[in-house]
Amino acid sequence: MQLPFMGTVAADDFYAGTRAALAGGTTMILDFVIPSKGESLLAAYDKWRAWADEKVCCDYSFHVAVTWWSETVGKEMEVLCKEKGVNSFKLFMAYKDVFMVNDEEMYHAFCKIKELEALAQVHAENGDIIAEKSKEMSELGITGPEGHEMCRPEEVEGEATNRAIVLANQINCPLYVVHVMSRSAADVISAARRKGCVVFGEPIAAGLGVDGTHYWHKCWRHAAAFVMGPPLRPDTSTPEYLMDMLANGDLQLTGTDNCTFNGDQKAMGKDDFRRIPNGVNGVEDRLSVIWEKGVFTGKMDACRFVSVTSTTAAKIFNMYPQKGVVAVGSDADLVIWDGDATRIISSKTHHHAVDFNIFEGMKCHGVPVATISQGKIVYRDGKLNITRGSGRYIPRPTGSTYVYSRVHQRDKIPRYVKVDREPYTGPVVKLD
């Protein structure tokens, strides 16, 4: 929410975004603090808290991005974990010269994250290839939104996903891959988990609900509205494939990466797709889209739906049982859900501050009848009753047992064993 990006600021601020979340049945959001390169992580965190605290209508917490590396960054990460309730850090493998870190920086960050018993997250795309392919598209005269997908092909996401998993696995650091958008990336995650890697894959509402053929739409404004990174895939079988992976446990939970920009903001890139702000909606429609594409189709049952939309996230990010379960002592955050009711998604009726909805016209089974936040009915029968600034910041301790139980056990077992042998006393070549 409210992300400053590419010279503008996301249309959904913390008020509009959390309002939309509650209307869709989501009672807490996890957003990102994203410092500029060279910016203090603590200063960025304080800035985002100031933006959010006065506006949020539901509970929230923050991941913090690591966009550069130094010993100072490592010390600030420690303060964020111990004093600010942060237990997850995101690294970008894309957006070269803006947010992207290289492999060495990522390795050092993973080491620190493991030391703190926090969770590493990655935006997995090969930023170097994207930069070169973007130049190629421009030289070919491809300046429209289709160029955005063509310079970031599926294999670029798959390669980066594999590389991040390999790097994290060298130090037994648990890893969370955000917005898994392709079959290739999903397959890499699934294969790594079968080998025993502690890695979690998160498809998002956009990738589960729509495909990337929209980038070739004749209306520029329509095509640009779908621009996000990684991009939606033009293979029309991808959403169903990702849903199958989610339903059967190869992918673990869902998010939205909600970051909206109005049509006029997207139009900054009317002559060059590289200047189109990346981001789409999703926080209001996530539950309905996943119910429609997952439960109504028979791919998953209602229990799995609750797991992938709520409980698993609460466990991974160490908020369970405060969040993610209906139980005595847990927060009174509930949604009353009608799985048989239907609604038509539209920008004319949604609660976002953006003028476009990527799910426009989609008929969804599964509708929130009422949303309860902190024990209060904040949404009922289509009407919101919210208070600006009523949301709480939820601190999250490190050391999630859901994430670290296997990691701790593996750390007890030596990974490398020295060979005891007699000293070598034979001849040695002399170099001039």
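Caption draft 1: Local environment of the pairing of strand 3 (residues 28-33). When you tally the buried positions in strand 3, you get five out of six residues, the bulk of the element. Across six bridges, strand 3 lies against strand 4 (residues 59-65) in parallel orientation. Residue Ile29 lies in a different strand from strand 4, and its bridge partner there is Tyr60.

Caption draft 2: Seen up close, the packing of helix 8 (residues 183-194) against helix 11 (residues 238-247). It is at 10 Å that the axes of helix 8 and helix 11 come closest, and there the two elements cross at 15°. In terms of their interaxial angle, helix 8 and helix 11 are classed as roughly parallel. Remark: the crossing between helix 8 and helix 11 carries left-handed chirality. Counting all contacts with helix 8, which are made through Arg183, Ala186, Asp187 and Ser190, the residues of helix 11 involved are Thr238, Tyr241, Leu242 and Met245. Each residue belonging to the contact of helix 8 with helix 11 can be placed in one class, and the counts come to four nonpolar, two polar and two charged.

Caption draft 3: How the structure looks around unusual backbone geometry. The amide bond that connects Gly229 to the next residue, Pro230, takes the cis arrangement and shows omega of -10°. Looking at the secondary structure, you find Pro230 in the loop between helix 10 (220-225) and helix 11. With an omega dihedral of 5°, the bond running from Tyr320 to Pro321 counts as a cis peptide bond. At Met6, a position not held by glycine, the phi torsion is positive, near 55°. Tracing the backbone through its elements, the reader meets Met6 in the loop between strand 1 (4-5) and strand 2 (8-9). Its relative accessible area of 28% is what places Met6 among the partly exposed residues.

Caption draft 4: Looking closely at a nonpolar patch on the surface. On the surface, Tyr424, Val428, Val429 and Leu431 cluster together into a nonpolar patch covering about 540 Å² of accessible area. Along the chain, the position of Val429 falls in the segment after helix 15 (401-411).

Caption draft 5: Looking closely at the sheet that holds strand 5 (residues 88-92). Judged by pairing direction, the sheet is parallel, and its six strands sit side by side in the order 3-4-5-6-7-8 without closing on themselves. The two strands at the open ends of the sheet, each matched to only one other strand, are strand 3 and strand 8 (199-201). The average angle at which neighbouring strand axes cross in this sheet is 30°, direction not considered. In this structure, strand 4 lies alongside strand 5, joined through two bridges in parallel fashion. Bridging from a neighbouring strand, Val64 pairs with Phe89 of strand 5. Sitting on the sheet, helix 7 (residues 154-169) is in contact with strand 6 (119-123), strand 7 (175-177) and strand 8, with an inclination near 170° to strand 7. In this fold helix 8 packs onto strand 7 and strand 8, with an angle of close to 150° to the strand it touches most, strand 8.

Caption draft 6: Molecular detail of the side chain of Thr8. Inspection of the secondary structure assignment puts Thr8 in strand 2. Of the polar contacts made by the side chain of Thr8, one reaches the side chain of Gln265; its length is 2.8 Å. With sequence-adjacent residues up to four places away left out, Thr8 is seen in contact with Leu3, Phe261, Gln265, Met268 and Pro277.

Caption draft 7: Main features of the packing of aromatic side chains. Considering all chains together, one arrives at 20 aromatic pairs under this definition. Plain terms: the ring middles of Tyr45 and Phe62 are 6.4 Å apart, the flat faces sit at 80° to each other, and that makes the pair edge-to-face. Taken together, the positions of Tyr45 in helix 2 (residues 41-53) and Phe62 in strand 4 put the pair 17 residues apart, joining distant regions of the chain. Note on Phe62: relative accessible area 0%, which makes it buried. Each ring, one from Trp48 and one from Trp51, has its centre 4.8 Å from the other, and the planes form 55°; the classification is tilted. Placement of both Trp48 and Trp51 in helix 2 is noted, with a separation of three residues, approximately one turn of the helix. Judged by relative accessible area, which is 3%, Trp48 ranks as buried. Taking relative accessible area as the criterion, Trp51 reaches 23% and is therefore assigned partly exposed. An aromatic cluster is defined as three or more aromatic residues linked by ring pairs; in this entry it consists of Phe14, Tyr45, Tyr60, Phe62 and Tyr393. Note that Arg183 overlies the ring of Tyr241, its terminal NZ or CZ placed 3.9 Å from the centroid. Above the face of the Tyr15 ring, Arg388 is positioned so that its terminal group lies 5.2 Å from the ring centre.

Caption draft 8: Representation of the layout of surface pockets. Of the voids in this model, the second largest pocket is the one considered here, and its volume is about 430 Å³. Residue lining of the second largest pocket: 17 residues in total, with Tyr95, Lys96, Ile130, Arg152 and Arg274 positioned closest to the centre. Broken down by element, the lining of the second largest pocket gets its largest block of residues, five residues, from helix 5 (residues 127-139). For the lining of the second largest pocket, the residue count by class is eight nonpolar, four polar and five charged.

Caption draft 9: Seen up close, the pairing of strand 11 (residues 376-380). As defined by bridge partners, strand 10 (residues 363-373) adjoins strand 11 across four bridges and the pair is classed as antiparallel. Note that in strand 11 the partner of Thr371 across the bridge is Tyr379. Hairpin connection between strand 10 and strand 11: a loop of two residues separates the two successive antiparallel strands, and Gln374 in this loop has a positive phi of roughly 55°. Sheet topology note: the strand 11/strand 12 (residues 383-384) ladder contains two bridges and is antiparallel.

Rules behind the numbers
Residues numbered from 1 in each chain as written. Predicted model: local features only at pLDDT ≥ 70, side-chain atom pairs only at ≥ 80, totals over all residues. Heavy atoms only, no water. Buried < 20%, exposed > 50% of the residue type's maximum accessible area, 1.4 Å probe, protein only. Helix = DSSP H or I, 4+ residues; strand = E, 2+ residues; numbered from the N terminus. Pairing = 2+ DSSP bridges. Axes fitted to C-alpha atoms, helices over the stretch in contact; angles between N-to-C directions. Parallel < 35°, antiparallel > 145°, perpendicular 65-115°, else oblique. Left-handed = near helix turned anticlockwise from the far one by under 90°. Contact = heavy atoms within 4.5 Å. Nonpolar A, V, L, I, M, F, W, Y, C, P; charged D, E, K, R; others polar. Patch = residues over 30% accessible without salt bridge, like charges linked within 9 Å, V, L, I, M, F, W, Y side chains within 5 Å. Areas by Shrake-Rupley, 256 points an atom, 1.4 Å probe, with all protein chains shown as cover. Salt bridge = Lys/Arg side-chain N within 4 Å of Asp/Glu carboxyl O. Polar contact = N/O pair within 3.5 Å; in protein donor to acceptor, adjacent residues only side chain to side chain. Phe/Tyr/Trp six-rings, centres within 6.5 Å; stacked < 30°, edge-to-face > 60°. Lys NZ or Arg CZ within 6 Å of the ring centre and 35° of its normal. 1 Å grid on protein atoms, 1.4 Å probe; cavity = no way out; pocket = protein on both sides within 12 Å on 5 of 7 lines; lining within 4 Å. Points joined across faces, edges and corners; volume = space filled by probe spheres on them.

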